[in-house]
Amino acid sequence: VQLVESGGGLVQPGGSLRLSCAASGFTFSSYAMNWYRQAPGKERELVAGITGGGGVTNYADSVKGRFTISRDDAKNTVYLQMNNLKPEDTARYYCNTYYWTDTSRRNYWGQGTQVTVSS
């Protein structure tokens, strides 16, 4: 499994960015995909998730109405459209997928992409 994020950068408050995560090494369309973020000194938190097939999405309360997760199964890519960015959105953003064994959840992570919101 390989997950490669891109699209981060420096943006002013109120601006937009679109993150991409290119996936390989597994049957992408069958698996849920998530975006997490981690700011310095804070725990990694779930930002948004989308089910395999894309029928259901979920969002952290802090990003609802501003962020949109989507997927293109033909391109094995998941996206995070981020609008009206705020300084508190500054973090490293990670792509994630997972599967369940009999006893635990096995996670896969990308290397992350940095998003900095600052004037």
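Preceding block: the structure.
Residues numbered from 1 in each chain as written. Predicted model: local features only at pLDDT ≥ 70, side-chain atom pairs only at ≥ 80, totals over all residues. Heavy atoms only, no water.

**Quick word on the overall build of the protein**
When you go through the protein residue by residue, the secondary structure sums to zero helices and 11 strands. Listing every helix and strand of the protein by position from the N terminus yields β-β-β-β-β-β-β-β-β-β-β. On the principal axes, the C-alpha backbone points of the protein span a range of 45 × 30 × 25 Å. In the protein, which comprises 119 residues, the proportion classed as buried is 39%. Residue pairs at least 24 apart in sequence account for 52% of intrachain contacts in the protein once pairs closer than 6 positions are excluded. Element-wise, carbon and sulfur atoms account for 45% of the exposed surface of the protein, whose accessible area totals about 6300 Å². Side chains of the protein give 12 positive and 9 negative charges; the mean places of these two sets differ by 3 Å. (Helix = DSSP H or I, 4+ residues; strand = E, 2+ residues; numbered from the N terminus. Buried < 20%, exposed > 50% of the residue type's maximum accessible area, 1.4 Å probe, protein only. Contact = heavy atoms within 4.5 Å. Areas by Shrake-Rupley, 256 points an atom, 1.4 Å probe, with all protein chains shown as cover. Lys, Arg positive; Asp, Glu negative; His and termini not counted. Charge placed at Lys NZ, Arg CZ, Asp CG, Glu CD.)

**Overview of the pattern of salt bridges**
Pairing between side chains of opposite charge can happen when their charged atoms approach one another. Counted by the stated rule, this structure contains five salt bridges. The structure contains a network of salt bridges with shared partners spanning Arg37, Glu45, Arg66 and Asp89. (Salt bridge = Lys/Arg side-chain N within 4 Å of Asp/Glu carboxyl O.)

**Notes on the sheet that holds strand E1 (residues 2-6)**
Strand-to-strand pairing in sheets goes through backbone hydrogen bonds, with the strands running parallel or antiparallel. Within the open sheet, the four strands sit side by side as E1-E3-E8-E7. Their pairing is antiparallel. The open sheet terminates on both sides in strands that have one partner only, identified here as E1 and strand E7 (67-72). Going across the sheet, the axis of each strand differs from the next one's by a mean of 15°, ignoring polarity. Pairing analysis gives six bridges linking E7 to strand E8 (residues 77-82), with the strands arranged antiparallel. Residue pairing across strands places Asp72 opposite Thr77, the latter belonging to E8. (Pairing = 2+ DSSP bridges. Axes fitted to C-alpha atoms, helices over the stretch in contact; angles between N-to-C directions.)

**As for the state of the cysteines**
As enumerated under the stated definition, the model contains one disulfide in all. What pairs with Cys21 in a disulfide is Cys95, and their sulfur atoms sit 2.1 Å apart. Torsion about the S-S bond of the Cys21 and Cys95 cystine: about -85°, corresponding to left-handed handedness. With a gap of 74 residues between them, Cys21 in strand E3 (residues 17-24) and Cys95 in strand E9 (residues 91-100) connect regions that are remote in the sequence. Judged by relative accessible area, which is 0%, Cys21 ranks as buried. (Disulfide = S-S within 2.5 Å.)

**Observations concerning the pairing of E9**
Sheet analysis places strand E4 (residues 33-38) next to E9, joined by six bridges and oriented antiparallel. Note that in E9 the partner of Met33 across the bridge is Thr97. Judged from the three bridges that link them, E9 and strand E11 (residues 113-117) form a sheet pairing that is antiparallel. Bridge pairing in E11 links Ala91 to Val115. Bridge analysis of E9 against strand E10 (residues 105-109) gives five bridges, and the strand direction is antiparallel. Bridged to Tyr99 within E10 is Arg106. What sits between E9 and E10 in their antiparallel hairpin is a turn of four residues.

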